[in-house]
Amino acid sequence: MSQKPLYESMKQSVTRVVETDEPTKPNDLIVITGAGGFIAGNLVQYFRNKGFKNIRAVDKKPLYEWYLPVPGVESLCLDVSNETNCRRVCEGAVEVYNLAADMGGMGFIERFRIECLRSILINTHMVEAAYRAGAKRYFFSSSACAYNTDLQQDPNVRALKETDAYPAMAERGYGWEKLMSEMFCQEYWAERGMKTFIARFHNVYGPNGTWDGGREKAPAALCRKVIESLDTGDNNITLWGDGTRTRSFMYIDDCVQGIDKITHCDKLIATPINLGSDELVSINDLLTKVEQAARLNKPLTRHYDLDAPMGVAGRNSDNTFIKQVLEWEPSTSLDDGLVKTYEWIKEQYNRRKAGMRVGIG
Ligand code: NAD
């Protein structure tokens, strides 16, 4: 028997009237967790540049390890898997963006499923603390890993649409945590009336993110490997898998803009939505693009590690829904985004080589 996707059936059963609230004012408190990391760090900078004066950035990492400490922002080093800390973090908040999670690329999420699952504590306590604080809007960063993995067994994959999460068979560990946390957010709207927003990010890349240390994702890892090859003069490069797996990659500027748009669209309350690029590439193609960004005269010699973590065969974002609701979708081309990412990682690589402190992950 076919099963109705959760969010559609929820919409039918929830008869809440959506009250229009005042637009957030420049002095209203915005709380962003995971701010020492890649996406939330960029989100802090985005809201700061937009003129918000009262931002509280939170991460458990010591401040010197944050990628993008933004001047003029209250920065707290606190673990938000702890309930008491979450209450402190959400005090006075008008909007809460929860992006803290123990995560990384395939290498991390395939090896450390327990750590990934434990992030359930973060959203569980954050959403409750935001509710108690009277926050008007709560954003949760979900992932394309919440989608049914049975639909991702072919590199020529059909792009995933929002209804493809149910019947559920999410990525082990990380994906199930995201799906369950989505459900928490949906029920905080259904039962308690807090406006919650859920974006399912597809791979995000760009400057100020993890580029070494085991948690980095494919674009950053390939940029670093090409830089290392050029630096050492070794013309060989090893890719994880056979190079045929496909993914789409969203540039960070599109991601933060999308988070803002989604969180301020009442049509999307408690409704998971894809936030990703729909430009599908194979890992082989991705390396070719990185080589172009590096302006290599001659391609590197490719080797394939078939024992390395690889993830599902193919995954792409179906952007029909986001285009329909927001009349917008991520649009930075992979070629353009990779040039900026490559240049930033090269700078970090050279700084580290010169003995300077750099954030890697
Ligand atoms: P990131 O690892 O760079 O940032 C996450 C940050 O959360 C880290 O700085 C980490 O120290 C912090 N953190 C972890 N546990 C914490 C805790 N208990 N208390 C306080 N801080 C804690 O990751 P990112 O790429 O910026 O991802 C941000 C969010 O987006 C995560 O929820 C992630 O699952 C989601 N996401 C990211 C991608 C991607 O491609 N980067 C794709 C899908 C979903």
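See above for the structure.
For the structure given in this document, a descriptive report is provided here.

**Here we look at the overall build of the protein**
- Counting its regular elements, the protein contains twelve helices and 13 strands.
- A compact globule built from 361 residues would reach a C-alpha radius of gyration of about 21 Å, and the protein, at 20 Å, matches this within 12%.
- A principal-axis box enclosing the C-alpha atoms of the protein has dimensions of 60 × 55 × 35 Å.
- Counting all 361 residues of the protein, 55% fall into the buried class.
- When contacts within the protein are restricted to residue pairs at least 6 apart in sequence, those whose partners lie at least 24 apart make up 79%.
- Seen as two clouds, the 45 positive and the 48 negative side-chain charges of the protein have centres 2 Å apart.

**Some details on the site of the ligand**
- With respect to spatial proximity, 26 residues lie near the ligand, and among them Ile 39, Asp 59, Asp 79, Tyr 174 and Val 204 are the closest.
- Ser 141 places a side-chain nitrogen or oxygen 2.9 Å from an oxygen atom of the ligand.
- Between the ligand and the protein, one listed contact pairs an oxygen atom with a backbone N or O atom of Val 204 at 2.8 Å.
- Protein contacts shield 94% of the accessible area of the ligand, which totals 820 Å² for the unbound molecule.

**What to know about a nonpolar patch on the surface**
- Together, Leu 117, Met 169 and Trp 176 give the surface a local cluster of nonpolar side chains, amounting to about 270 Å² of exposed area.
- Examined against the element boundaries, Met 169 turns out to sit in the loop between strand 5 (137-143) and helix 7 (174-190).

**Some remarks on the pairing of strand 1 (residues 30-33)**
- Neither face of strand 1 is left uncovered, since the one carrying Ile 30 and Ile 32 and the one carrying Val 31 and Thr 33 both have all their residues buried.
- As defined by bridge partners, strand 1 adjoins strand 2 (residues 55-59) across four bridges and the pair is classed as parallel. Note on strand 2: the bridge partner recorded for Ile 30 is Ile 55.
- Between the parallel pair strand 1 and strand 2, the chain is carried across by helix 2 (residues 38-49), and the sense of this crossover is right-handed.

**Concerning the pattern of salt bridges**
- Inspection of every chain in the model, using the stated rule, returns 25 salt bridges.
- The residue Asp 21 makes a salt bridge to Lys 195 at a minimum N-O spacing of 3.3 Å. With Asp 21 in the loop between helix 1 (6-13) and strand 1 and Lys 195 in strand 6 (residues 195-201), the pair connects residues that are 174 residues apart, well separated along the chain.
- Judged by its relative accessible area of 22%, Asp 21 falls in the partly exposed class.
- One salt bridge connects Glu 22 with Lys 25, and the closest N-O pair in it is separated by 3.8 Å.
- Connected through shared salt-bridge partners, Asp 212, Glu 216, Arg 224, Glu 228 and Arg 352 make up one network.

**Quick notes on helix 12 (residues 334-353)**
- Between its terminal C-alpha atoms helix 12 stretches 28 Å, which fits the 28 Å expected from 20 residues at 1.5 Å a residue.
- Buried within helix 12 we find Leu 334, Gly 337, Leu 338, Thr 341, Tyr 342, Trp 344, Ile 345, Gln 348 and Tyr 349.
- Among the structural elements, strand 7 (204-205), helix 8 (218-232), strand 10 (250-251), strand 12 (280-282) and helix 10 (283-293) are those in contact with the buried residues of helix 12.
- One or two positions beyond helix 12, positive phi appears at Gly 355, with a value near 85°.

The rules behind these values
Residues numbered from 1 in each chain as written. Predicted model: local features only at pLDDT ≥ 70, side-chain atom pairs only at ≥ 80, totals over all residues. Heavy atoms only, no water. Helix = DSSP H or I, 4+ residues; strand = E, 2+ residues; numbered from the N terminus. Rg over C-alpha atoms; globule rule 2.2 N^0.38 Å. Buried < 20%, exposed > 50% of the residue type's maximum accessible area, 1.4 Å probe, protein only. Contact = heavy atoms within 4.5 Å. Lys, Arg positive; Asp, Glu negative; His and termini not counted. Charge placed at Lys NZ, Arg CZ, Asp CG, Glu CD. Near = heavy atom within 4 Å. Polar contact = N/O pair within 3.5 Å; in protein donor to acceptor, adjacent residues only side chain to side chain. Areas by Shrake-Rupley, 256 points an atom, 1.4 Å probe, with all protein chains shown as cover. Patch = residues over 30% accessible without salt bridge, like charges linked within 9 Å, V, L, I, M, F, W, Y side chains within 5 Å. Salt bridge = Lys/Arg side-chain N within 4 Å of Asp/Glu carboxyl O. Pairing = 2+ DSSP bridges. Right-handed = clockwise from strand over helix to strand, strands pointing away. Expected span 1.5 Å × (residues − 1).

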